[in-house]
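Here is what each chain is made of, one letter per residue.
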Amino acid sequence: MHSQGILAGLFVFILIGALHIVVIKVEYYLGAHLWPLFLLLGLVGVGGSLFVEDTFSCTLLGIGGFLVMYTAWELVKQKERVEREWFPKNPKKRRER
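Chemist: How should the overall build of the protein chain be read in this particular structure?
Modeler: In terms of helices and strands, the protein chain carries 3 helices and 0 strands. In sequence order, the protein chain lays out its α and β elements as α-α-α. In terms of overall size, the protein chain is more extended than a compact globule, its C-alpha atoms giving a radius of gyration of 16 Å where 97 residues would be expected to give roughly 13 Å. When its C-alpha atoms are laid out on the principal axes, the protein chain stretches across 50 × 25 × 20 Å. With 97 residues in all, the protein chain has 31% of them scored as buried. Considering only residue pairs separated by 6 or more positions, the protein chain has 69% of its internal contacts joining residues 24 or more positions apart. A total accessible area of about 7,000 Å² is found for the protein chain, and carbon and sulfur atoms account for 70% of it. Within the protein chain, the 8 negative side-chain charges are centred at a point lying 12 Å from the centre of the 11 positive side-chain charges.

Quick look at the structure:
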């Protein structure tokens, strides 16, 4: 029996949920200006997947890299959602320019 597909699906499910929370918390406490960091981390993950020998590990690294890159996009969108007052603003955070 092959369980790698189920494990990969579980990994994606957990990572999407975790990154959803990360997007909200990072924008609230630090700001959306950190999106390039997430883009870079995602590119490192995707690039690293090219050099990993194990098929399952490179799959998880590639999936994780693309999800982290998508987090960069979601940070920008989260800033817009906060400006539309769909999410609360942090009154203690200095506003970005």
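Now that the structure is up, let's keep going.
Chemist: Sorry, what's going on with the pattern of salt bridges here?
Modeler: When charged atoms on two side chains of opposite charge get close, those side chains can pair. Tallying each qualifying case throughout the model produces 2 salt bridges. A salt bridge links Lys-77 to Glu-80; the nearest nitrogen and oxygen atoms lie 3.1 Å apart. Remark: Glu-80 and Lys-77 occur in helix H3 (residues 55–83); sequence separation between them is 3 residues, near one turn of the helix. Note on Lys-77: relative accessible area 26%, which makes it partly exposed.

Chemist: Quick question: what am I supposed to make of a nonpolar patch on the surface here?
Modeler: Taken together, the side chains of Leu-7, Leu-10, Phe-13 and Ile-14 present a nonpolar region at the surface, about 430 Å² in accessible area. Looking at the element boundaries, Phe-13 is found in helix H1 (residues 4–29). Overall, the relative accessible area of 63% leaves Phe-13 in the exposed class.

Chemist: Honestly, the confidence of the model for the protein chain in this entry has me stumped. Any pointers?
Modeler: Averaged over all residues, the pLDDT of the protein chain is 93; the fraction at 70 or higher stands at 97%. When mean pLDDT is compared element by element in the protein chain, helix H2 (residues 35–49) scores highest at 97, while H3 scores lowest at 95.

Chemist: Can you help me understand the nonpolar core in this one?
Modeler: If you look at soluble globular proteins, the nonpolar side chains tend to sit buried side by side. Counting 9 residues, the largest nonpolar core consists of Leu-15, Leu-19, Val-23, Val-26, Phe-38, Leu-67, Val-68, Ala-72 and Leu-75. When contributions to this core are tallied by element, the ones reaching two or more residues are H1 and H3. Among all residues touching Val-23, those that are not within four sequence positions of it are Thr-71, Glu-74, Leu-75 and Gln-78.

Chemist: Looking at this model, I keep getting lost on H3. Mind explaining?
Modeler: Spacing of three or four residues puts side chains on the same side of an α-helix, whose turn is 3.6 residues. Here H3 contains 29 residues, and its C-alpha end-to-end distance of 42 Å stays within 8% of the 42 Å for a straight helix at 1.5 Å per residue. Of the residues one or two after H3, Glu-85 is the one with positive phi, at around 65 degrees.

Conventions and cut-offs
Residues numbered from 1 in each chain as written. Predicted model: local features only at pLDDT ≥ 70, side-chain atom pairs only at ≥ 80, totals over all residues. Heavy atoms only, no water. Helix = DSSP H or I, 4+ residues; strand = E, 2+ residues; numbered from the N terminus. Rg over C-alpha atoms; globule rule 2.2 N^0.38 Å. Buried < 20%, exposed > 50% of the residue type's maximum accessible area, 1.4 Å probe, protein only. Contact = heavy atoms within 4.5 Å. Areas by Shrake-Rupley, 256 points an atom, 1.4 Å probe, with all protein chains shown as cover. Lys, Arg positive; Asp, Glu negative; His and termini not counted. Charge placed at Lys NZ, Arg CZ, Asp CG, Glu CD. Salt bridge = Lys/Arg side-chain N within 4 Å of Asp/Glu carboxyl O. Patch = residues over 30% accessible without salt bridge, like charges linked within 9 Å, V, L, I, M, F, W, Y side chains within 5 Å. pLDDT = per-residue confidence, 0-100. Core = buried A, V, L, I, M, F, W, Y, C linked by side-chain atoms within 4.5 Å. Expected span 1.5 Å × (residues − 1).

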